[in-house]
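Survey of secondary and tertiary structure
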Amino acid sequence: MGVLGRISKQKQGKQRQDMLQGLNHLTLAVSDLQTSINFYHSLLGMNVRAKWNKGAYLECGNLWLCLSLDENRSFANPETSDYTHYAFTIEEKDFANFLSRLEQEKIPLWETNASEGNSCYFLDPDGHKLEVHVGGLSQRIEHCRSKPYEGMTLL
């Protein structure tokens, strides 16, 4: 029996306790630390909290973002990479100005918005797929009540 099977069997008959409290931080491998710091600080508005030779810590709301210099990092090709991406919350009132800044800076886009609410999908200097999205999980669930995804069960 695998680890997950043993854990599942141990939990049978016991009250579930949620140990995870949320996302702690994201670490992104970057090829040019200063270019990435400039992108995340100057363009996206994150606060730089610490910087060292091979990394930096930035803050975005409650999120702690670590940029880690990695000589093995190469630009990801959005045409061939998977759908994994990192989405940040933005207020509706700031969305249009944010899009203008991306366009002004010629930041490449990787996807067209097909979900409810405003979203913009763009790339960082190393090809990490990013998104800004207006709304949260509650709004997404409400939208899915009227237009569920194929095979979706709302719990």
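The structure this text deals with has already been given above.
Notes on the structure in this doc start here. None of the values given here were measured: they were computed from a predicted structure.

**Focus on the sheet that holds strand 8 (residues 129-133)**
- Judged by pairing direction, the sheet is mixed, and its four strands sit side by side in the order 5-8-7-6 without closing on themselves. The two strands at the open ends of the sheet, each matched to only one other strand, are strand 5 (86-89) and strand 6 (109-111). Strand-to-strand, the axes of this sheet are offset by a mean angle of 35 degrees, without reference to chain direction.
- Bridge analysis of strand 6 against strand 7 (residues 119-123) gives two bridges, and the strand direction is antiparallel. Paired with L109 across the two strands is F122, which belongs to strand 7.

**Section: the environment of N118**
- By secondary structure assignment, the location of N118 is in the loop between strand 6 and strand 7.
- For N118, a relative accessible area of 29% puts it in the partly exposed group.
- A polar side-chain atom of N118 sits 2.7 Å from a polar atom in the side chain of E92.

**Considering the pattern of salt bridges**
- Taken as a whole and assessed by the stated rule, the structure comprises three salt bridges.
- Between E59 and R49 there is a salt bridge whose closest N-O contact spans 3.1 Å. Placement of the pair is E59 in strand 3 (residues 55-60) and R49 in strand 2 (residues 47-52), with a sequence separation of 10 residues.
- Of the residues examined, E59 reaches a relative accessible area of 30% and is grouped as partly exposed.
- In this structure, R145 and E142 form a salt bridge, with 2.9 Å as the shortest nitrogen-oxygen distance. Placement of both R145 and E142 in helix 4 (residues 137-146) is noted, with a separation of three residues, approximately one turn of the helix.

Conventions and cut-offs
Residues numbered from 1 in each chain as written. Predicted model: local features only at pLDDT ≥ 70, side-chain atom pairs only at ≥ 80, totals over all residues. Heavy atoms only, no water. Pairing = 2+ DSSP bridges. Helix = DSSP H or I, 4+ residues; strand = E, 2+ residues; numbered from the N terminus. Axes fitted to C-alpha atoms, helices over the stretch in contact; angles between N-to-C directions. Buried < 20%, exposed > 50% of the residue type's maximum accessible area, 1.4 Å probe, protein only. Polar contact = N/O pair within 3.5 Å; in protein donor to acceptor, adjacent residues only side chain to side chain. Salt bridge = Lys/Arg side-chain N within 4 Å of Asp/Glu carboxyl O.

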